[in-house]
Amino acid sequence: MMAEFGVLYEGLMAMAHECPPEQAPNHEITITVSEVSLVFMARLDRMIEHRERGGPRPFGVQIDLDDPADFGRAVRYLTQMLPWSLDNDLAELAHGRHPLLFPPDRDTENRLH
């Protein structure tokens, strides 16, 4: 698995070197996200924004996904979360700590079936 990852990693780094992210072609995708998850992401984005600005957090203010500002918050959180998650996976693989590098845990495997 590490040899396979090494080849993948070298290929990804070559792609990144040849075409920096700001110049790389983009591909539009469509994903389905539950309303509950969108509300949670919008709430988290709101909390991050308030932490950065300081001051009291309007915790009781409801999230309204029909409001473009609240929907935009959920989308912003999701679009920031995906690259962060991929960066974490890449770092975990590079340091030999990613779960894919180890045999499946029997307890976890049994719970999934």
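Relevant structure appears above.
Note that this is a predicted model, so its numbers are computed, not measured. For every chain, the first residue of its written sequence is number 1, and the numbers climb from 1 along that sequence. Predicted model: local features are reported for residues with pLDDT of at least 70 only, side-chain atom pairs are reported and counted for 80 or more only, and whole-chain, interface and lining totals are derived from all residues. Side-chain metrics rest on all non-hydrogen atoms present in the structure, leaving aside hydrogens and water.

Peer 1: What's the story with the pattern of salt bridges in this structure? I'm lost.
Peer 2: Salt bridges are defined as contacts in which a side-chain nitrogen from Lys or Arg sits within 4 Å of a carboxyl oxygen from Asp or Glu. Tallying each qualifying case throughout the model produces eight salt bridges. Residue Glu 49 pairs with Arg 73 through a salt bridge whose shortest N-O separation is 3.1 Å. With Glu 49 in helix 2 (residues 35–53) and Arg 73 in helix 3 (residues 68–94), the pair connects residues that are 24 residues apart, well separated along the chain. Assessed through its relative accessible area of 23%, Glu 49 is described here as partly exposed. Of the charged contacts, one joins Glu 92 and Arg 97 as a salt bridge, the two residues approaching to 3.9 Å between their closest N and O atoms. The class of Glu 92 is partly exposed, set by a relative accessible area of 29%. Through salt bridges with shared partners, one network takes in Asp 45, Arg 46, Glu 49, Arg 53, Asp 70, Arg 73 and Arg 76. Here a strand is any run of E in DSSP of at least two residues, a helix any run of H or I of at least four, and the numbering for each starts at the N terminus. In this scheme, a residue with accessible area under 20% of its type's maximum is buried, one over 50% is exposed, and one in between is partly exposed, where area comes from a 1.4 Å probe on protein chains only.

Peer 1: Is there a simple way to explain a nonpolar patch on the surface in this structure?
Peer 2: Two joining distances apply to patches: 9 Å for like charges and 5 Å for nonpolar side chains (Val, Leu, Ile, Met, Phe, Trp, Tyr), and every residue must have over 30% relative accessible area and no salt bridge. Residue exposure ignores everything except the shown protein chains as possible cover, and the areas themselves are Shrake-Rupley values with a 1.4 Å probe. Together, Leu 8, Tyr 9, Leu 12, Met 13 and Met 15 make up a nonpolar patch on the protein surface, roughly 450 Å² of accessible area in all. One can find Tyr 9 in helix 1 (residues 2–18).

Peer 1: How do you make sense of the nonpolar core when you look at a structure like this?
Peer 2: For soluble globular proteins, nonpolar side chains are generally found buried alongside one another. Only buried residues count toward a nonpolar core, which is a set of Ala, Val, Leu, Ile, Met, Phe, Trp, Tyr and Cys residues joined through side-chain atoms within 4.5 Å. Within the largest apolar cluster, eight residues are counted, these being Leu 38, Met 41, Ala 42, Ile 63, Leu 65, Ala 74, Tyr 77 and Leu 78. Breaking this core down by element, the ones donating at least two residues are helix 2 and helix 3. Throughout, a contact is declared for two residues whenever any of their heavy atoms are within 4.5 Å. Once you skip the residues sitting within four places of it in the chain, Ile 63 turns out to touch Val 39, Ala 42, Arg 43, Arg 46 and Asp 70.

Peer 1: Could you clarify how one ought to interpret the environment of Gly 6 in this entry?
Peer 2: Within the element layout of this structure, Gly 6 appears in helix 1. Its relative accessible area of 24% is what places Gly 6 among the partly exposed residues. Residues Gly 6 and Val 75, 69 residues apart in the sequence, show an inter-C-alpha distance of 33 Å.

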